[in-house]
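# Coordinate inspection notes
Chain by chain, the residues:
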Amino acid sequence: MPQGVHRNNRDERSPTENWVYLGCVMFFLGMYKEAEEASTKGPDSKLKNRLMFHLSHKFNDEKKLMSFHKNLQDIVEDQLSLASIHYLRSHYQEAIDIYKRVLLENSSNGGSKKEFLALNVYVALCYYKLDYYDVSQEVLAVYLQHFPDSTVAINLKACNHFRLYNGKAAEAELKNLSDVCSPSFKFASDLIKHNLVVFRAGESALQVLPPLIDVIPEARLNLVIYYLRQDDIQEAYNHFKDVSPTTPQEYILKGVVNAALGQEQGLNDHIKIAQQYFQLVGGSASECDTIPGRQCMASCFFLLKQFDDVLIYLNSIKSYFYNE
């Protein structure tokens, strides 16, 4: 705990809400237990409720999460907090609805559009997660007109180009980020190195990705994908076996790794685990009508040797792969 702040809070003259502010600092440092301990010493407030709401998500405590959810009010700060939790739980459409409503209400009430301009990046990121890359680009352009050197926005634009076109197109966009970012901006540098590996189909993966595993969440996933593409199934499994999946992408990759290992080594237990992961994603309300969700159901039925059902799901998304 930062000693200066801690000492100040021992002073009887120090406002008790300082504990909540300290909790916020701890949260952003990733010190979630300490954040909870500090914030519980502070008085009840809207800020404290939002902090505890997010901590409940970090601790995967559904009961507490819903309790703090009930205390959220129809004010901008609370609604943006709710939208961020929706995003973290892969409820992207719900997050989009909140962001759009906040943008609309604040523009119609005479508020400064520029004040909420960054919400366009959040909306664009949600559309990216929903595989609507062209829509994501359109929304993102609104923000980039005002802030053309934004690290987050340029990176998202490059990722959209990767999905819409190819690695070379994405790399060209990423060069803009290399040109504008300061050498001292470590996160931007790490992000560029990570994404170049992806855009270049795994080139230098073993040199770049391992040191970034604790810095960029996707680094581990892309390292596992690299091993799969090299047919090193065991190494892919070793790097992912202790990861508890929380997002559809992680569940899918868990399924792919277990299916590959099970088929390679004749291990039925791993094939059953893979089938369960695929079914979890394909049967979920948020993913059942997406392309990855239907691919998961096709994979699930393939492992179950129900090939007629496989064809039904593959035919339903066939038109989206006319270039492949």
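Residues numbered from 1 in each chain as written. Predicted model: local features only at pLDDT ≥ 70, side-chain atom pairs only at ≥ 80, totals over all residues. Heavy atoms only, no water.

What follows deals with the overall build of the protein chain. When you go through the protein chain residue by residue, the secondary structure sums to 19 helices and 0 strands. In terms of principal-axis extent, the alpha carbons of the protein chain reach across some 70 × 45 × 40 Å. Taken across its 324 residues, the protein chain has 41% of its residues classed as buried. When the accessible surface of the protein chain is summed, it comes to about 18600 Å², and 52% of that surface belongs to carbon and sulfur atoms. Between the centroid of the 33 positive side chains of the protein chain and the centroid of its 39 negative side chains there is a distance of 3 Å. (Helix = DSSP H or I, 4+ residues; strand = E, 2+ residues; numbered from the N terminus. Buried < 20%, exposed > 50% of the residue type's maximum accessible area, 1.4 Å probe, protein only. Areas by Shrake-Rupley, 256 points an atom, 1.4 Å probe, with all protein chains shown as cover. Lys, Arg positive; Asp, Glu negative; His and termini not counted. Charge placed at Lys NZ, Arg CZ, Asp CG, Glu CD.)

Another aspect to go through is helix α9 (residues 133–146). The first and last C-alpha atoms of α9 sit 21 Å apart over 14 residues, in line with the 20 Å expected at 1.5 Å per residue. For α9, the principal kink sits at L140 and spans about 30°. (Expected span 1.5 Å × (residues − 1). Bend = angle between axes of the 7 residues up to and from the residue.)

It is worth spelling out the packing of aromatic side chains at this point. Using the criterion set out here, one finds 12 aromatic pairs in the structure. Plain terms: the ring middles of Y226 and Y227 are 5.8 Å apart, the flat faces sit at 65° to each other, and that makes the pair edge-to-face. Across the pair, Y227 and Y226 agree in class, each one buried. One aromatic cluster in this structure is built from F27, F28 and Y32. Seen from the ring of W19, K41 lies directly overhead, with NZ or CZ sitting 4.6 Å from the centre. (Phe/Tyr/Trp six-rings, centres within 6.5 Å; stacked < 30°, edge-to-face > 60°. Lys NZ or Arg CZ within 6 Å of the ring centre and 35° of its normal.)

Let us now look at the nonpolar core. If you look at the biggest cluster of nonpolar residues, it comprises 48 residues, and the most contacted ones within it are F53, Y99, L140 and L174. In terms of residues, this core owes the most to one element, helix α8 (residues 119–129), which gives 7 residues. In contact with L174, not counting residues within four places along its chain, are N155, A158, I192, N195, L196 and F199. (Core = buried A, V, L, I, M, F, W, Y, C linked by side-chain atoms within 4.5 Å. Contact = heavy atoms within 4.5 Å.)

Moving on: the environment of K186. With respect to the helices, strands and loops of the structure, K186 is situated in helix α12 (residues 186–199). Separated by 108 residues in the primary sequence, K186 and D78 place their C-alpha atoms 31 Å from one another.

On to the packing of helix α10 (residues 151–164) against α12, then. Relative to each other, α10 and α12 sit at 0°, their axes nearing to 12 Å. When the interaxial angle is binned, α10 and α12 end up roughly parallel. When α10 is examined against α12, the residues T151, N155, A158, C159 and F162 are found in contact with a partner set consisting of A188, L191, N195, V198 and F199. Among the residues making up the contact of α10 with α12, the classes are represented as 7 nonpolar, 3 polar and no charged. (Axes fitted to C-alpha atoms, helices over the stretch in contact; angles between N-to-C directions. Parallel < 35°, antiparallel > 145°, perpendicular 65-115°, else oblique. Nonpolar A, V, L, I, M, F, W, Y, C, P; charged D, E, K, R; others polar.)

Here we come to the side chain of N49. The residue N49 is located in helix α4 (residues 46–58) in this model. Sequence-distant contacts of N49, that is, excluding residues within four places in its chain, are made with F68, N71 and L72.

Turning our eyes to something else, we now look at the environment of L221. As for its placement among the helices and strands, L221 is situated in helix α14 (residues 218–229). Once you skip the residues sitting within four places of it in the chain, L221 turns out to touch F240, Q249, E250 and L253.

Quick look at the packing of helix α16 (residues 248–265) against helix α18 (residues 291–303) now. The geometry of α16 relative to α18 is characterised by a closest axis approach of 12 Å and an angle of 25° between their N-to-C directions. By the criterion of interaxial angle, the relationship of α16 to α18 is roughly parallel. The element α16 and its partner α18 pack so that their crossing is left-handed. Residues I252, A259 and Q263 of α16 form the contact with α18, whose participating residues are P292, C296, F302 and L303. (Left-handed = near helix turned anticlockwise from the far one by under 90°.)

What follows covers the side chain of Q137. Within the secondary structure, Q137 is located in helix α9. Judged by its relative accessible area of 17%, Q137 is buried. Setting aside residues no more than four positions away along its own chain, Q137 makes contact with K157, N160, H161 and L164.

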